[in-house]
Amino acid sequence: MSRTLTALAGNTQRLDGGAMFGNAPKALWTRWATPDDRNRIGLACRALLVRDGDRVLLFETGIGVSFPPDLKDRFGVVEAEHVLLDSLAAVGLSHEDIDVVVLSHLHFDHAGGLLSAWSEHASPTLLFPNATYVVGERAWERATHPHFRDRASFLPDLNAQLLASGRLIIESGERSEVLGSGYRLHYSDGHTPGLLLTEIETDDGPVVFAADLIPGTPWVHLPITMGYDRYPERLIEEKQALLSDLIERGGRLFYTHDSECAISGIARDQRGRFHAIDKRSNAEVNA
């Protein structure tokens with residue numbers, strides 16, 4: 001099949017390690033990530049580019065740089081420039097070349113890159129003018145009617161611009177007419193209601209865009225969840241079902257927030273614990 005996967009770096013950020021590892025003690029999570037003097041760990045906000053015949057699809061856009069300086073510091077955005085746009089340019093593309101943008105959910109660290117950079121003279125505007133934007137029905141409902149607990153995770157101006165574009169497609173089924181054959185949609189509720197996980201068929205087996213169900217290789221271990229997850233016990237059950245299925249089918253996971261690993265296989269040890277195998281960095285991803 002004519003389908004190529006490329007990992008694209010977006011803006012990186014630094015967030016509190018305790019929040020990222022939930023109820024795991026610091027003595028445990030510091031084996032996987034080294035905190036700075038503010039207890040923050042480095043996180044990628046990685047996107048996945050899929051060249052599918054004559055179409056170009058982008059899975060998520062990272063955090064971007066649409067925040068004013070005070071929020072940029074609060075949310076730990078590192079770079080001043082819109083890194084995803086530079087990453088697209090490095091592979092010979094611009095945001096205008098993207099045909100479809102698939103969003104697992106609309107938290108700002110996954111969808112903020114849809115917006116142009118912050119300026120004191122003008123409000124950020126929607127990028128990707130030729131793309132259809134795909135989001136799950138319940139994820140869209142959550143973004144437009146957030147709970148008090150997570151309303152700060154959304155960008156109301158972004159929601160309004162997506163709707164006004166006339167190019168927003170809201171999905172609820174297992175298959176998407178926009179994506180076509182070779183793509184299967186899974187849904188998860190543990191992190192946020194209606195999280196959309198897209199499975200992509202490749203010559204080397206299925207690849208699932210793991211989003212915040214499994215943000216990086218440490219979270220493959222079932223008990224490890226984030227403090228940001230709405231329903232941690234449900235999330236663990238969802239992880240277990242997905243990982244078991246992928247092992248049976250020889251599938252892999254693509255990670256958004258892992259600072260070193262972009263994609264890996266999955267295995268289970270003699271004690272039944274899941275772990276990542278065949279880890280690959282951005283440069284090594286080319287399925």
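Residues numbered from 1 in each chain as written. Predicted model: local features only at pLDDT ≥ 70, side-chain atom pairs only at ≥ 80, totals over all residues. Heavy atoms only, no water.

A.B. asks: How should the overall build of the protein be read in this particular structure?
C.D. replies: Regarding its fold elements, the protein presents eight helices and 14 strands. For the protein, the C-alpha radius of gyration of 18 Å lies close to 19 Å, the compact-globule estimate for 287 residues. With the principal axes as the frame, the protein shows a C-alpha extent of 55 × 50 × 35 Å. Taken across its 287 residues, the protein has 54% of its residues classed as buried. The contacts in the protein between residues at least 6 apart in sequence include a share of 66% that link residues at least 24 apart. A total of about 12,400 Å² of accessible surface is found on the protein, and carbon and sulfur atoms cover 48% of it. (Helix = DSSP H or I, 4+ residues; strand = E, 2+ residues; numbered from the N terminus. Rg over C-alpha atoms; globule rule 2.2 N^0.38 Å. Buried < 20%, exposed > 50% of the residue type's maximum accessible area, 1.4 Å probe, protein only. Contact = heavy atoms within 4.5 Å. Areas by Shrake-Rupley, 256 points an atom, 1.4 Å probe, with all protein chains shown as cover.)

A.B. asks: In this structure, what is going on with the sheet that holds strand β4 (residues 47–52)? I would like to understand it.
C.D. replies: Strands pair in a sheet through their backbones, by hydrogen bonds, and they do so in one of two ways: parallel or antiparallel. Read from one edge of the open sheet, six strands run β1-β4-β5-β6-β7-β8, paired in mixed fashion. One side of each edge strand has no neighbouring strand; the edge strands of this open sheet are β1 (3–8) and β8 (168–171). Averaged over all neighbouring strand pairs, the angle between strand axes comes to 20 degrees, with direction disregarded. Both strand β5 (residues 55–59) and strand β6 (residues 100–103) contribute to a ladder of three bridges, which runs parallel. Across the sheet, residue F59 finds its bridge partner in β6, namely V102. Packing of helix α4 (residues 83–90) onto the sheet brings it into contact with β1, β4 and β5, and relative to β1 it is tilted by some 140 degrees. (Pairing = 2+ DSSP bridges. Axes fitted to C-alpha atoms, helices over the stretch in contact; angles between N-to-C directions.)

A.B. asks: I tried to follow the packing of helix α6 (residues 137–144) against helix α7 (residues 156–165) on my own but got confused; where do I start?
C.D. replies: A packed helix pair is summarised by two numbers, namely the angle formed by the two axes and the spacing between the axes. Where α6 meets α7, the axes come as close as 10 Å, and the angle between the chain directions of the two elements is 130 degrees. With respect to each other, α6 and α7 are oriented oblique. Between α6 and α7 lies a crossing of left-handed hand. For the pair α6 and α7, the contacting residues are W140, A143 and T144 in the first and N159, L162 and L163 in the second. Residue composition of the contact of α6 with α7, grouped by class: four nonpolar, two polar and no charged. (Parallel < 35°, antiparallel > 145°, perpendicular 65-115°, else oblique. Left-handed = near helix turned anticlockwise from the far one by under 90°. Nonpolar A, V, L, I, M, F, W, Y, C, P; charged D, E, K, R; others polar.)

A.B. asks: Where do I start with the nonpolar core in this structure?
C.D. replies: Note on soluble globular proteins: their nonpolar side chains tend to be buried together. In terms of nonpolar packing, the biggest core is built from 50 residues, with F21, F59, I214 and L253 touching the most fellow members. The contact partners of L253, leaving out residues within four places of it in the chain, are V208, A210, I214, V220, L242, L243, L246, A262, I263, S264 and I266. Membership of the second largest hydrophobic core comes to 36 residues, among which are L49, V65, F75 and L155. (Core = buried A, V, L, I, M, F, W, Y, C linked by side-chain atoms within 4.5 Å.)

A.B. asks: What should I look at first to understand the sheet that holds strand β13 (residues 263–268) in this one?
C.D. replies: Strand order in the open sheet made by the six strands is β9-β10-β11-β12-β13-β14, with mixed pairing throughout. Pairing within the sheet leaves two strands with one partner each, and these edge strands are β9 (183–188) and β14 (274–280). Averaged over all neighbouring strand pairs, the angle between strand axes comes to 30 degrees, with direction disregarded. As paired strands, β9 and strand β10 (residues 195–200) are joined by six bridges and run antiparallel to one another. Bridge pairing links Y183 to I200 in β10. Contacting β9, β10, β11 (207–209), β12 (252–254), β13 and β14, helix α8 (residues 232–249) runs over the sheet at an angle of about 95 degrees to β13.

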